[in-house]
Amino acid sequence: MTPHRPDGLPVRLRALAAAGLSGILLGSCGFQLPNMPGLPKRAPDAPGPRVSDAPPAAPLQAGRNVIVSAAEKVGPAVVRIDTVKRVINPLGGLFGGGPSIQQQQGQGSGFITRSDGVILTNAHVVEGTSEVSVTLPDGRSFNGKVLGADPLTDIAVVRVVAQKLPVAPLGDSSNVRPGEWAIAIGNPLGLDNTVTAGIISAIQRTNAIGEGQRVPYIQTDAAVNPGNSGGPLINDRGQVIGVNTAIRQAPGAGLSFAIPINQAKQIAAQILEKGRASHPYIGVRLQALTPQLAREINATSSECRLPETDGVVVVEVLNGSPAAKAGLQPCDLIETVGGQAVKNPSEVQVAVDQGKVGQPLTITIRRSSGSRTITLEPAELPSSE
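Note that this is a predicted model, so its numbers are computed, not measured.

The next subject is the environment of Pro 307. Tracing the backbone shows Pro 307 in the loop between helix H5 (291–300) and strand E15 (311–317). Distance in space between the C-alpha atoms of Pro 307 and Thr 290 is 9.3 Å, their sequence separation being 17 residues. If sequence neighbours within four positions are ignored, Pro 307 has contacts with Leu 289, Ala 294, Leu 333 and Arg 366.

Before going further, it helps to spend a moment on the confidence of the model for the protein. Averaged over every residue, the pLDDT of the protein is 83; the share at 70 or more is 77%. Of the regions scoring below 50 in pLDDT, residues 1–33 engages in 19 contacts with residues more than four places distant in sequence or in other chains.

Among the secondary structure elements, Thr 83 is positioned in strand E1 (residues 78–88). Other than its neighbours up to four places away in sequence, Thr 83 contacts Gln 104, Gln 105, Gly 106, Gln 107, Val 125, Val 126, Thr 129 and Val 132.

All of the buried residues along helix H2 (residues 66–74) are Ala 70, Ala 71 and Val 74. Burial along H2 is one-sided: seen end-on, the buried residues are contained in an arc of 95°. Capping of H2 at its N-terminal end is provided by Asn 65; its side-chain oxygen lies 2.9 Å from the backbone amide nitrogen of Ile 67.

For Arg 367, the position within the fold is in strand E18 (residues 361–367). Only 2.7 Å separates the side chain of Arg 367 from the side chain of Asp 332, close enough to count as a polar contact. Not counting chain neighbours up to four residues away, the residues in contact with Arg 367 comprise Gly 327, Leu 328, Gln 329, Asp 332, Arg 372 and Ile 374.

Of all hydrophobic cores here, the largest spans 44 residues; its most connected members are Ile 119 and Val 134. Those residues in contact with Ile 119 that sit more than four places away from it in its chain are Val 79, Ile 81, Gly 110, Phe 111, Ile 112, Val 134, Ala 156, Val 157, Val 158 and Val 160. Counting 18 residues, the second-largest nonpolar core is a separate cluster that includes Ile 282, Ala 323, Ile 334 and Val 337.

For the coordinates displayed, the defined rule picks out 12 salt bridges. Here Arg 214 makes a salt bridge to Asp 353, at a shortest N to O gap of 3.1 Å. Here Arg 214, found in the loop between strand E8 (194–205) and strand E9 (217–220), pairs with Asp 353, found in helix H7 (residues 345–353); they are 139 residues apart in sequence, far enough to count as distant. Judged on exposure class, the residue Arg 214 and its partner Asp 353 are both buried.

Even without glycine at this site, Asp 154 takes up a positive phi of about 65°. With respect to the element layout, Asp 154 can be found in the loop between strand E5 (141–150) and strand E6 (155–160). Overall, Asp 154 belongs to the buried group, its relative accessible area being 10%. Positive phi, close to 50°, is recorded for Asn 193, a residue that is not glycine. Asn 193 gets classed as partly exposed once you look at its relative accessible area, which sits at 30%.

Now for the environment of Lys 274. Structurally, Lys 274 is set in helix H4 (residues 261–274). With relative accessibility at 45%, the residue Lys 274 sits in the partly exposed group. Along the sequence, Lys 274 and Leu 147 sit 127 residues apart, while their C-alpha atoms lie 9.6 Å from each other.

The rules we used
- Residues numbered from 1 in each chain as written.
- Predicted model: local features only at pLDDT ≥ 70, side-chain atom pairs only at ≥ 80, totals over all residues.
- Heavy atoms only, no water.
- Helix = DSSP H or I, 4+ residues; strand = E, 2+ residues; numbered from the N terminus.
- Contact = heavy atoms within 4.5 Å.
- pLDDT = per-residue confidence, 0-100.
- Buried < 20%, exposed > 50% of the residue type's maximum accessible area, 1.4 Å probe, protein only.
- Arc of directions from axis to C-beta.
- Polar contact = N/O pair within 3.5 Å; in protein donor to acceptor, adjacent residues only side chain to side chain.
- Core = buried A, V, L, I, M, F, W, Y, C linked by side-chain atoms within 4.5 Å.
- Salt bridge = Lys/Arg side-chain N within 4 Å of Asp/Glu carboxyl O.

Structure, rendered in structure tokens:
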């Protein structure tokens, strides 16, 4: 006899009904209630309207993660750079204030660009020292010599005595576009060979970290921390597109900036050839102009009549400078340098830096009498040392 529940429905039938109900609710268990006498047959589902006609996505292939592949190409060539700087203790020898000369330890990153031991890093990583310790991811360690550093662009070259070292492939930073992958490798906070990823947020950030820089920085949201300085920023093909150099932090957010590798290569080549970098100089002091500032100057000065617009105005021309020799004057509004339109003083500096010492450079200006083009020959930027 088939067992019954108190309500009189056979237990087996209740189990079948429950299973069938579950199959309807979940929609994926594949159970179908058998045809039973007295129950209507279920009509097959009618095809609904087509929502999309996009082709199905190709399945992901195992082992083809672009970040993993890129990091594997460059990671072996990313090094840790340890420095020891000698600093003067102003209280040394007085009232137990310690020795007059103290040692200060520092750490940063770099990457090998030539298998015979040439390494790129930041100038601020090796500032104040001529010798460093270089450690590879495989554990090998070398004494390194600082061949030269350029504080203006924050690029330095270190050399170790070695052969057949792993090398980081260098890309072309002129092809970098916002939205592309950006992968940083370095030694943040002392954690060797750390990989972080994000995207290229912007390019040509000439005013990213203050005035006086001659670098059109690459901006990224990849996590970069102290110790990443001098390490590579790479693309999804495993090519170095920048040298990580600076960060700007705010509550809950952070921005990272890298020196484009094309500019880093130019500076490094000069250091390898001459032991220092060369920068053109025209000899002007500039001010960013706004419509409000132009109105104030026009109302309070009889010397300048400026258009009420955004731009770059010459505030001072140094005596004897290339700008003075070419006839540039205070109150001139600079519109282009070397054929490039400029909107702020940093863009003027970057455009001048792309010229060459002793080679003609054209500058378009707007003066009260109208626009004109001036040609000058930049001189060598005086050393700050």
